[in-house]
Amino acid sequence: KTLRHFYYQMMLQMQDPSTGVKGTDQKLNITIIPHVITGQDIVAWITKNMNIDNDEAQAFGTMLVAFGYIYPLQDHKKLVLRPDGSLNRFQTPYFWPVQKWKAEDTDYGIYLAKRNIRKKGVLDAYEQEEYNKLHKWMNHKWDFIVMQAKEQYHAGKARQKADRVVFDCQERAYWIVHRPPPQTHSAMDYGLDRHIDPNVEEIIYTQQAVMRSRVKSSVSLGALAKYITTFKNHDPFLIPCLPSNPWHTDDDSYWELNAPDVEIPTKMRVERWSFSFYELLNDPRGRADFKIFLKKEFSGENLAFWEAAEELKWGTAASMSEKAEQIFKTFLAPGAPRWINIDGRTMGLTVKGLEHPHRYVLDGAQTHIFMLMKKDTFYRYLKSPVYKEIQKKAISPAQLQQNMRNRRPSIDPIITWQKEQEEKAKAAAAAGPVDIKKLMASKLDRK
Amino acid sequence: MCDQTFLAITFGPCDNCSQNKPLMNIYLKNEPINYCSLCVELMACQGLAKGETIHTLKTESETLKAKLEEERAKLHDVELHQVAEKIEALGQFVMKTRRTLKGHGNKVLCMDWCRDKRRIVSSSQDGKVIVWDAYTTNKEHAVTMPCTWVMACAYAPSGCAVACGGLDNKCSVYPLSLDKNENLAAKKKSVAMHTNYLSSCSFTNSDMQILTSSGDGTCALWDVESGQLLQSFHGHSADVLSLNLAPSETGNTFVSGGCDKKANVWDMRSGQNVQSFETHESDINCVKYYPSGDAFATGSDDATCRLYDLRADREVAIYSKESIIFGASSVDFSLSGRLLFAGYNDYTINVWDVLKGTRVAILFGHENRVSSVRVSPDGTAFCSGSWDSTLRVSVRFRFSGESDLRNILYSMVLLFTGIRDYRW
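Residues numbered from 1 in each chain as written. Chains lettered and ligands numbered in written order. Predicted model: local features only at pLDDT ≥ 70, side-chain atom pairs only at ≥ 80, totals over all residues. Heavy atoms only, no water.

## Remarks on the overall build of chain B
Then comes step 1: When you go through chain B residue by residue, the secondary structure sums to four helices and 31 strands.
Then comes step 2: Within chain B, the fraction of its 424 residues that count as buried is 59%.
Then comes step 3: Counted over contacts in chain B with a minimum sequence separation of 6, partners at least 24 positions apart contribute 44%.
Then comes step 4: In the form shown here, chain B has an accessible surface area of approximately 17,000 Å², with 50% of it arising from carbon and sulfur atoms. (Helix = DSSP H or I, 4+ residues; strand = E, 2+ residues; numbered from the N terminus. Buried < 20%, exposed > 50% of the residue type's maximum accessible area, 1.4 Å probe, protein only. Contact = heavy atoms within 4.5 Å. Areas by Shrake-Rupley, 256 points an atom, 1.4 Å probe, with all protein chains shown as cover.)

And the structure:
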């Protein structure tokens, strides 16, 4: 990003041998660290060359440390610039924060493993915790990480001691910036404790926000209320859905009647298509009915284009250029089989954009076609015989249920006749004399 | 129907660098210009180098923010409850749990419905992701993730795959198969890579793209097949906990909420933060669009749920009660948008009347925090997932053919005796 470009220029100027910050060689144990600069010298240079006051310069200097362009040699865990004799060094460009190289967990793992190899127990508590965490969730890569760590360790040993010490300081500083210890503020830190400075980007954002067009509350809230009123009867939590809520009665007829590819939709469903063009398109059955209407009007290419543009937008990255070419050939090229009628300017922009297709290249044209359908074709559909026909055909589960309830089966005439015969026989037997032979015979039968 | 205001994004040559890029339409000294985002930043840096002190920047920023509030207030001519005056009030509702899905061994962290209106995918702390047919309560698929705390899961629009992720910092897609014995983990596809935990994921209008939000403070749009990062969204200053795609015909925006108490609306095409709202007093746990796409609701740790109107550009309602002191973890709207279901950390689910701001129902029954609440795609039921390791599918309880008086009496009895778990 260009803020980094700015810092890059700054760093070059600061390290200029004649006009930059004056550095000295500092002795550390038995090695000599070259190009060491003091905090006060840095602040002084910034004050002079950026023409700002001392406080600003210190804050800016701290930003440089927080980003990792300068690192402190003493008290290295605190990423601040102290305006005193404390020692610092410029970080090597290899470790500058650059967009293309993210501080990967793998690299951090290798770094910690390498330090572990060099000397056991050298890791701080928070580093040991991180190491354990990484070991756990990167376990499948751990062999690779240990191998890399060993390679780096051996390569380091081959260097001169002074170089090695300097490199170790630089690498340590880099990781303090990108994996800050607890209670350290680093510019790479995204946590809640992150120091938020009012930056110019925020100002521009707020500027745009002020300029944005707004709607009166009465209008937008009215629209929200209207939506609720429109959909009230379709909300199963407000009005029971018919024939019944499957979760309630364990009867899934409601889902069967409203299946995506059902031939005859329900009346409620057809009513819902009239609420908005979005509702019509979103329901596959509605969209199918709309297509029937478009076919009769010989204007199916608009919807076909819109669908193709949707497929481009939401499709896989690999299929992008192929799809774009297909769409151009079918809808946009002069003399195309399904040529869509859009204004010259949009057509021009779209065709030009198709030279380097990306997934949103058809946005302008798609919006134009969509608005055309929404504001014109949709309303004609609602008044058309196609829609009126489906409204008539549509079934009403309530009516079905009602009708079913009213129809009761009657008793079968055979049973009525059999009953009548039994009654007759009983009456006859009760009236006449008793036949003993018949009585004995029936008793034997029973035995 | 109300006209949708959608962002006409311009692609074209930048007024500065002449490259073809998504353009920001900004005002410089009251002149409208079209700069690409890179040139805007360059210009911003030049502003800094010219000697603007941090103090002047701060005052400028504050003045502008005050101006923004002023502009918003100018159009604030009516309150939501005033608009709702003419609309009939809802009575008290009673909700009834009709299915309890048991099978997770540990806290259920997330769930999502399939478009077929009856299948559900759920994920839990022990790394298990289960696909259920909630209607029959059968488990259809089960996968064990290599990490614990699977905080995000989503069903693909086709119903042929699920996506999930959590502490592994990734979002993986598992294609589902009709063969019950097939090992789903074999076909797993790693799609998203973040530098911190995955808090939420969602497919867009197709199976080919996934939108993710992460603890690293960013959201990102990914191509499923190649794992390529298509767009990243920077603007939150802390963990992003939740995201939701707009249900509009243009389908180009989404809203995200995070630990920085901000809810941001983004344009998916350019990666730009289009609108931002910061009125909550604590982390925003969940964001959900109103069915028309013109507003969205949030649930937060400050124990309130709030409604934000996108066209009026402000917060329009707060759903809270003195007796509710625990954070809301998850929210969702009913089909018409009249009801807002919210799951809380005090084990309850409160149902709010969106227009009037009153509570119309309270559902007990879970034995631990409610982590996720979602209404089914056709609005017939809602499912709640909880730390008590169960999922419950609940509907509105109605007596068939009974009079309203009986209904009211029954609900009053239940509310006042505080029967916590009524299984009918």
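## Here we look at the UniProt feature "repeat: WD" (unreviewed entry) in chain B
All names here are of chain B.
Then comes step 1: The sites that carry the UniProt feature "repeat: WD" (unreviewed entry) are, in the present numbering, residues 101-142, 191-232, 233-276, 277-318, 330-362 and 363-393.
Then comes step 2: Between the C-alpha atoms that bound residues 330-362 there is a distance of 15 Å. The span itself is 0% helix and 58% strand.
Then comes step 3: Within residues 363-393, the helical portion is 0% and the strand portion 52%, while the C-alpha atoms at the span's ends are 12 Å from each other. (UniProt positions renumbered as here; feature names shortened; annotations may be inferred.)

## Observations concerning the confidence of the model for chain A
Then comes step 1: When pLDDT is averaged across chain A, the result is 83; 89% of the residues are at 70 or more.
Then comes step 2: Here residues 190-198 of chain A scores under 50 on pLDDT; set against residues more than four positions off or in separate chains, the count is 15 contacts. (pLDDT = per-residue confidence, 0-100.)

## Digging into the nonpolar core
Then comes step 1: One finds Phe277(A), Phe290(A), Phe305(A), Phe331(A), Leu332(A), Leu362(A) and Tyr381(A) to be the most contacted residues of the largest nonpolar core, which totals 38 residues.
Then comes step 2: A total of eight residues in this core trace back to one element, the largest contributor, which is helix α18 (residues 363-383) of chain A.
Then comes step 3: Counting 32 residues, the second largest nonpolar core, distinct from the first, contains Leu221(A), Val316(B), Leu335(B) and Trp352(B). (Core = buried A, V, L, I, M, F, W, Y, C linked by side-chain atoms within 4.5 Å.)

## A short note on the pairing of strand β10 (residues 161-165) of chain B
Residues and elements named next belong to chain B.
Then comes step 1: β10 sits mainly inside the fold: five of its five residues count as buried.
Then comes step 2: Burial of β10 is two-sided: the residues Ala-161, Ala-163 and Gly-165 facing one way and the residues Val-162 and Cys-164 facing the other way are all buried.
Then comes step 3: Here strand β9 (residues 152-155) runs beside β10; their pairing, made up of four bridges, is antiparallel. Residue Tyr-155 lies in a different strand from β10, and its bridge partner there is Val-162. (Pairing = 2+ DSSP bridges.)

## Re the interface of chain A and chain B
Then comes step 1: In this assembly, 84 residues from chain A lie in contact with 113 residues from chain B.
Then comes step 2: Roughly 8,900 Å² is buried in total at the junction of chain A and chain B, and carbon and sulfur atoms are behind 63% of that figure.
Then comes step 3: A per-residue breakdown of the area chain A buries against chain B is headed by Phe237(A), Trp247(A) and Trp314(A), which together make up 12% of the total.
Then comes step 4: Applying the counting rule to chain A against chain B returns six salt bridges.
Then comes step 5: Its salt-bridge partner being Arg269(B), residue Asp363(A) comes within 2.1 Å of it at the nearest N-O pair.
Then comes step 6: At the boundary of chain A and chain B, one finds 29 residue pairs in polar contact (both at pLDDT 80 or more). (Buried area = accessible area lost by both parts, 1.4 Å probe. Salt bridge = Lys/Arg side-chain N within 4 Å of Asp/Glu carboxyl O. Polar contact = N/O pair within 3.5 Å; in protein donor to acceptor, adjacent residues only side chain to side chain.)

## Describing the packing of helix α14 (residues 284-297) of chain A against helix α15 (residues 300-314) of chain A
Residues and elements named next belong to chain A.
Then comes step 1: Interhelical geometry of α14 versus α15 gives an angle of 140° and a closest axis separation of 8 Å. One way to sum up the angle between α14 and α15 is to call them oblique. Taken together, the residues of α15 that come into contact with α14 (itself represented by Arg-287, Phe-290, Lys-291 and Leu-294) are Gly-300, Leu-303, Trp-306 and Glu-307.
Then comes step 2: Taken together, the residues of the contact of α14 with α15 sort by class into four nonpolar, one polar and three charged. (Axes fitted to C-alpha atoms, helices over the stretch in contact; angles between N-to-C directions. Parallel < 35°, antiparallel > 145°, perpendicular 65-115°, else oblique. Nonpolar A, V, L, I, M, F, W, Y, C, P; charged D, E, K, R; others polar.)

## A short note on the side chain of Thr348(B)
Residue and element names in this part refer to chain B.
Then comes step 1: Relative to the elements of secondary structure, Thr-348 occurs in the loop between β26 (339-344) and β27 (349-353).
Then comes step 2: Here the side chain of Thr-348 touches Asp-346 through a polar contact of 2.7 Å, side chain to side chain.
Then comes step 3: With near-sequence residues (within four places) excluded, Thr-348 lies in contact with Ala-342, Gly-343, Ile-362, Leu-363, Phe-364 and Val-370.

## Overview of the domain arrangement of chain A
Then comes step 1: The domains assigned to chain A are domain 1 (1-95), domain 2 (105-158) and domain 3 (236-397).
Then comes step 2: With centres defined by C-alpha atoms, the gap from domain 2 of chain A to domain 3 of chain A works out at 56 Å. (Domains from an automatic or database assignment.)

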